[in-house]
Amino acid sequence: QVQLVESGGGPVQAGGSLRLSCAASGRTFSTYDMAWFRQAPGKEREFVAAITANGGNTYYGKSVKGRFTISRDNAKNTVYLQMNGLKPEDTAVYYCATRWGVTLAPGDYDYWGQGTQVTVSS
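Residues numbered from 1 in each chain as written. Predicted model: local features only at pLDDT ≥ 70, side-chain atom pairs only at ≥ 80, totals over all residues. Heavy atoms only, no water.

Asker: Any chance you could explain the pattern of salt bridges here in plain terms?
Answerer: Proximity of charged atoms lets side chains of opposite charge pair with each other. Summed over all chains, the structure comprises 3 salt bridges. Between arginine 38 and glutamate 46 there is a salt bridge, and its shortest N-O distance comes to 2.8 Å. The buried category is assigned to arginine 38, whose relative accessible area is 6%. Ionic pairing is found between arginine 38 and aspartate 90, a salt bridge with its closest N-O pair at 2.8 Å. Here arginine 38, found in strand E4 (residues 33-39), pairs with aspartate 90, found in the loop between strand E8 (78-83) and strand E9 (92-99); they are 52 residues apart in sequence, far enough to count as distant. Accessibility expressed as a relative area gives 1% for aspartate 90, which makes it buried. Each member of the salt-bridge network shares a partner with another, and the members are Arg38, Glu46, Arg67 and Asp90. (Salt bridge = Lys/Arg side-chain N within 4 Å of Asp/Glu carboxyl O. Buried < 20%, exposed > 50% of the residue type's maximum accessible area, 1.4 Å probe, protein only. Helix = DSSP H or I, 4+ residues; strand = E, 2+ residues; numbered from the N terminus.)

Asker: Help me out: how do you make sense of the environment of threonine 91 in this one?
Answerer: Along the chain, threonine 91 turns up in the loop between E8 and E9. A relative accessible area of 22% means that threonine 91 is categorised as partly exposed. Measuring from C-alpha to C-alpha, the distance between threonine 91 and valine 118 comes to 5.4 Å, with 27 residues separating the pair along the chain. Aside from chain neighbours lying at most four places away, what touches threonine 91 is Ala40, Gln117, Val118, Thr119 and Val120. Of note is the side chain of threonine 91, whose polar atom sits 2.9 Å from the backbone oxygen of proline 88. (Contact = heavy atoms within 4.5 Å. Polar contact = N/O pair within 3.5 Å; in protein donor to acceptor, adjacent residues only side chain to side chain.)

Below you can see the structure in the form of structure tokens.
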């Protein structure tokens, strides 16, 4: 079993920044790939970013590329999502998830956190 706990969400004005964290426990963090997804009200869950186990490769959704940065600290069992240049359309619940092998499909992921709300006001 894997437990994932997100934090760092909250209200922010457009153009601002937030850093989300996802703390993992339950198995060797450094051996599995991590991803962030988000879900806005009435919309499907959307891929945001992913990072491979050793941090060597990162992937981003089109809507966030160039503004968001995913990183991880395997010594702290934590993955981060630095979000800059936030827009009102970034408002959503943000989830971290894990599986072996990066995919963009939320249905492929085995474990999920409870989510953290990000609200961007104009």
